[in-house]
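In case you want the letters, here they are:
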Amino acid sequence: MFAPYCPPPAFYFTVMVAGTGTALQLSSMADASFQEASGLEAKIETEALKEGGENRYVHQLPGATSSPNLVLRRGYVTRPSFLSEWAAQTVGSTLAQPILTQTLVVMLLGADHIPLVAWNIAQAWPVRWMTGPFDSQKNEVLTEVMEFAYATVTRMPLTEAAAMVPAVSALIRP
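Figured I'd write up the structure that's included with this text. (Residues numbered from 1 in each chain as written. Predicted model: local features only at pLDDT ≥ 70, side-chain atom pairs only at ≥ 80, totals over all residues. Heavy atoms only, no water.)

**Concerning the overall build of the protein chain**
Logical step 1: The helix and strand inventory of the protein chain stands at four helices and nine strands.
Logical step 2: Of all 174 residues assigned to the protein chain, the portion counted as buried reaches 30%. (Helix = DSSP H or I, 4+ residues; strand = E, 2+ residues; numbered from the N terminus. Buried < 20%, exposed > 50% of the residue type's maximum accessible area, 1.4 Å probe, protein only.)

Next up, the structure:
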């Protein structure tokens with residue numbers, strides 16, 4: 001008999017940069033941990049077309065696919081960080097040099113650190129970087145928010161996500 005399906009919790013995930021891979025990127029363990037990731041969405045816009053003489057319905061024609069920005073929130077990182085450097089070079093840029101795009105991978109992990117599902121965010125680039133508020137009246141962790149525009153988001157097949165197990169294992173401390 002089959003066991004009932006139980007949806008996975010949303011709190012155990014990691015983010016990887018699957019782009020060019022610099023020494024800073026490979027040594028930045030802090031870049032894998034985030035408090036929150038949002039914006040994994042793709043939507044096809046539709047155009048309503050009324051057919052002449054047919055009043056019972058309206059045709060919905062597909063248009064362009066759009067996605068909101070990917071928003072990553074984490075505790076502020078004071079160590080060297082590829083994502084922080086990339087955001088500073090892009091958001092603080094004079095645009096004298098081309099913007100560097102990367103592929104980001106967001107993975108939902110199981111209790112055994114193995115990816116259950118992954119999303120491939122193609123041609124991502126930082127569009128916003130923000131530090132959380134300083135407030136002497138509260139006892140909270142300082143946060144930073146990074147926002148990325150991207151071309152496409154695709155859900156990766158489980159076989160591709162499982163192929164990332166060695167890279168994910170290296171990012172997660174036992």
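**Remarks on the nonpolar core**
Logical step 1: Judged by nonpolar contacts, the single largest core of 18 residues is most densely connected at Leu-70, Leu-83, Trp-86, Leu-104, Ile-121, Ala-124 and Phe-148.
Logical step 2: Mapped onto this core, the elements with two or more residues apiece are β1 (13-17), β5 (70-75), α2 (82-91), β6 (102-109), β7 (115-131) and β8 (143-149).
Logical step 3: Residues Val-105, Met-107, Ala-118 and Met-156 belong to the second largest nonpolar core, which totals six residues. (Core = buried A, V, L, I, M, F, W, Y, C linked by side-chain atoms within 4.5 Å.)

**Comments concerning the environment of Met-16**
Logical step 1: Checked against the element boundaries, Met-16 lands in strand β1.
Logical step 2: Distance in space between the C-alpha atoms of Met-16 and Met-107 is 8.2 Å, their sequence separation being 91 residues.

**Digging into unusual backbone geometry**
Glycine aside, the phi torsion of most residues is negative, and most peptide linkages are trans.
Logical step 1: For Leu-95, which is not glycine, the phi dihedral falls at a positive 65°.
Logical step 2: Of note, Leu-95 is situated in the loop between α2 and β6.
Logical step 3: By relative accessible area, which is 57% here, Leu-95 ends up exposed.
Logical step 4: Even without a glycine there, the phi angle at His-113 is positive, about 70°.

**So, the packing of aromatic side chains**
Logical step 1: Under the counting rule described, the total for this entry stands at three aromatic pairs.
Logical step 2: Grouping aromatic residues by their ring pairs yields a cluster made of Phe-82, Trp-86 and Phe-148. (Phe/Tyr/Trp six-rings, centres within 6.5 Å; stacked < 30°, edge-to-face > 60°.)

**Regarding the pattern of salt bridges**
Logical step 1: Tallied over the entire structure, the rule returns two salt bridges.
Logical step 2: One salt bridge in this structure joins Arg-74 and Glu-144, with 2.9 Å as the shortest N-O distance. Residue Arg-74 is located in strand β5, and its partner Glu-144 is located in strand β8; the two are separated by 70 residues in the primary sequence.
Logical step 3: What makes Glu-144 buried here is its relative accessible area of 1%.
Logical step 4: One salt bridge connects Arg-128 with Glu-147, and the closest N-O pair in it is separated by 2.9 Å. One end of the pair, Arg-128, is in strand β7; the other, Glu-147, is in strand β8, and 19 residues separate them in sequence.
Logical step 5: Look at Arg-128 and you get partly exposed, because its relative accessible area is 34%. (Salt bridge = Lys/Arg side-chain N within 4 Å of Asp/Glu carboxyl O.)

**Here we look at a nonpolar patch on the surface**
Logical step 1: Together, Tyr-76, Val-91 and Trp-129 give the surface a local cluster of nonpolar side chains, amounting to about 270 Å² of exposed area.
Logical step 2: Within the secondary structure layout, Tyr-76 lies in the loop between β5 and α2.
Logical step 3: Residue Tyr-76 is classed as partly exposed on the basis of its relative accessible area, which comes to 35%. (Patch = residues over 30% accessible without salt bridge, like charges linked within 9 Å, V, L, I, M, F, W, Y side chains within 5 Å. Areas by Shrake-Rupley, 256 points an atom, 1.4 Å probe, with all protein chains shown as cover.)

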